[in-house]
Amino acid sequence: MSYISRTIFAAAIAIAASSASRAAPGDEVYARPGTMAAAPGTRLNLVCMGTGSPAVVFDSGFEDWAPAWAVVQPRVARFTRACSYDRAGSGFSDPGRMPRTSVRIADELRAALRSAGIPGPYILVGSAFGSYNVRTFAFRHPRDTAGLVLVDGDVVDLEPADLQAEDNRGAVIIPPALRACRDAIAAGRPLPLLPSRPGRPVRTCAQTFFRGLPEDQWSPALNAALLELARTKVAMYDSDISEMEQTPADEAWLQRHRRSLGARPIRVLTSLNHGVGHLELRPPETPEQHAYQQVIAQAQARVLTLSSNARQIFARHSSEYIQFDEPDTVVDAIREVFDQSRGR
């Protein structure tokens, strides 16, 4: 999820009773470890399905991990190998070395894929914060990069300076709240309640992951497994705290190391609801809100200059979680990059 929405913990609590009717078929695969692949100082949990090359590799937003792709990954696996994963510390992955920079994350992912016998080059798909990691991967390892798909990606490094400063307030505001949750788990205390919201249920920090747990697009079994991790895994909070603290440094790295990716296909998916986890909870359409979304769309469009084969695609009826609200848009973009990368 983007920094602004995480700053105020604006993810909605979905109704658990509706989970079964809208759940992704077979999503229980994300409720248990898949392949534990070695990387420097850690092991990453890979969830892979399908066959073919180039493989598609998914990276997730802040406080998200592999289940974020439960709707689209099985569909991509119909035409090639598709792998989602948990960053070090998150989900079922082991803790990783600190600090949790995008450089470290990208290098760990590349090592884990090689350990698992999944050869490159890869089509890298990044949502929100995952955009930092896949762009870092592409700049560091262009020979292992077949193409990029950014799903409403965070692009603070490409924003105007005044907006960069505003967005980076999350690196200061968010870690203390996460640290309070982390310390409660480590001490065996109940998780603290988050500030109350008029007319909405009380919740703890365990319910702030993804766009709010339980998620009505997941099965009860998957929701239960994710909530258990959120209530018990100290390392996940440690990793998330470090990832957020490192975002300004990640942005500076991306600015310094920006490079052309030649003719590799790039697709940039833009929702015009950046920072909004659920469409029904989006803020009122004000001139200020409209202007903010336009500035984000323009910043995302600057990614197009990385390649001579790049295109921006607008998801007109979606929150920032385009993979949930408009999965066809995500799958079609990946398929387009896949076909064009094979042509190259």
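Above this text sits the structure in question.
About the thresholds
- Residues numbered from 1 in each chain as written.
- Predicted model: local features only at pLDDT ≥ 70, side-chain atom pairs only at ≥ 80, totals over all residues.
- Heavy atoms only, no water.
- Disulfide = S-S within 2.5 Å.
- Helix = DSSP H or I, 4+ residues; strand = E, 2+ residues; numbered from the N terminus.
- Phe/Tyr/Trp six-rings, centres within 6.5 Å; stacked < 30°, edge-to-face > 60°.
- Buried < 20%, exposed > 50% of the residue type's maximum accessible area, 1.4 Å probe, protein only.
- Lys NZ or Arg CZ within 6 Å of the ring centre and 35° of its normal.
- Contact = heavy atoms within 4.5 Å.
- Pairing = 2+ DSSP bridges.
- Axes fitted to C-alpha atoms, helices over the stretch in contact; angles between N-to-C directions.
- Parallel < 35°, antiparallel > 145°, perpendicular 65-115°, else oblique.
- Left-handed = near helix turned anticlockwise from the far one by under 90°.
- Nonpolar A, V, L, I, M, F, W, Y, C, P; charged D, E, K, R; others polar.

**Thoughts on the state of the cysteines**
Taken as a whole and judged by the stated rule, the model has two disulfides. C48 shares a disulfide with C83; S-S distance 2.1 Å. One disulfide, between C48 and C83, carries an S-S torsion of 115 degrees and so falls in the right-handed class. Separated by 35 residues along the polypeptide, C48 in strand 2 (residues 42–49) and C83 in strand 4 (residues 82–86) bring together distant segments of the chain. What pairs with C181 in a disulfide is C205, and their sulfur atoms sit 2.2 Å apart. Measuring the twist about the S-S bond at about -125 degrees, one finds the C181-C205 disulfide to be left-handed. Placement of the pair is C181 in helix 7 (residues 170–186) and C205 in the loop between helix 7 and helix 8 (220–232), with a sequence separation of 24 residues. Cysteine pairing for the protein chain (bonded cysteines numbered in sequence order): 1-2, 3-4.

**With respect to the packing of aromatic side chains**
Scanning all chains against the criterion turns up 10 aromatic pairs. Their ring planes at 55 degrees and their centres at 4.6 Å tell us that W65 and F210 sit as a pair that is tilted. Residue W65 is found in the loop between strand 3 (55–59) and helix 3 (73–76), and its partner F210 is found in the loop between helix 7 and helix 8; the two are separated by 145 residues along the sequence. Of the two residues, W65 and F210, both sit in the buried class. Considering the side-chain rings of F209 and Y237, the 5.5 Å spacing of their centres and the 80 degrees angle between planes classify their relative orientation as edge-to-face. Taken together, the positions of F209 in the loop between helix 7 and helix 8 and Y237 in helix 9 (residues 234–257) put the pair 28 residues apart, joining distant regions of the chain. Across the pair, Y237 and F209 agree in class, each one buried. Every member of this aromatic cluster is reached through a ring pair, and the members are W65, F209, F210, W218, Y237, Y321 and F324. Residue placement shows R335 over the ring face of F79; its charged tip is 4.5 Å from the ring centre.

**Focus on the environment of A299**
Locating A299 in the fold gives a position in helix 10 (residues 287–301). Separated by 145 residues in sequence, A299 and D154 place their C-alpha atoms 9.2 Å apart. What A299 contacts, discounting residues up to four positions off in sequence, is V155, L158 and E159.

**Comments concerning the sheet that holds strand 4**
Strand order in the open sheet formed by eight strands is 1-2-4-3-5-6-7-8, with mixed pairing between adjacent strands. Looking at the sheet topology across the chains shown, the edges are occupied by strand 1 (35–39) and strand 8 (310–314). Sheet twist, expressed as the average angle between the axes of neighbouring strands with direction ignored, equals 25 degrees. Its contacts with the sheet put helix 4 (residues 102–115) on strand 1, strand 2, strand 3, strand 4 and strand 5 (122–127), and the angle it makes with strand 1 is roughly 120 degrees. Most of the contacts of helix 5 (residues 130–140) go to strand 5, to which it runs at about 155 degrees, and overall it touches strand 3, strand 5 and strand 6 (145–151).

**Brief notes about the pairing of strand 4**
Where burial is concerned, most of strand 4 is hidden: five out of the five residues are buried. Relative to strand 4, strand 2 runs antiparallel, the two sharing five bridges. Its bridge partner lying in strand 4, N45 is registered against D86. Of the strand pairs in this sheet, strand 3 and strand 4 are connected by three bridges, and their pairing is parallel. Among the inter-strand pairings, F58 is bridged to a residue of strand 4, identified as S84.

**Remarks on the packing of helix 7 against helix 9**
It is at 9 Å that the axes of helix 7 and helix 9 come closest, and there the two elements cross at 170 degrees. Classed by the angle they form, the pair helix 7 and helix 9 counts as roughly antiparallel. Here helix 7 and helix 9 pass one another in a crossing that is left-handed. On the side of helix 7, the interface is formed by G170, A171, I174, P175, L178, R179, C181, R182, I185 and A186, while helix 9 contributes V234, Y237, D238, D240, I241, M244, E245, T247 and P248. By residue class, the composition of the contact of helix 7 with helix 9 is 12 nonpolar, two polar and five charged.

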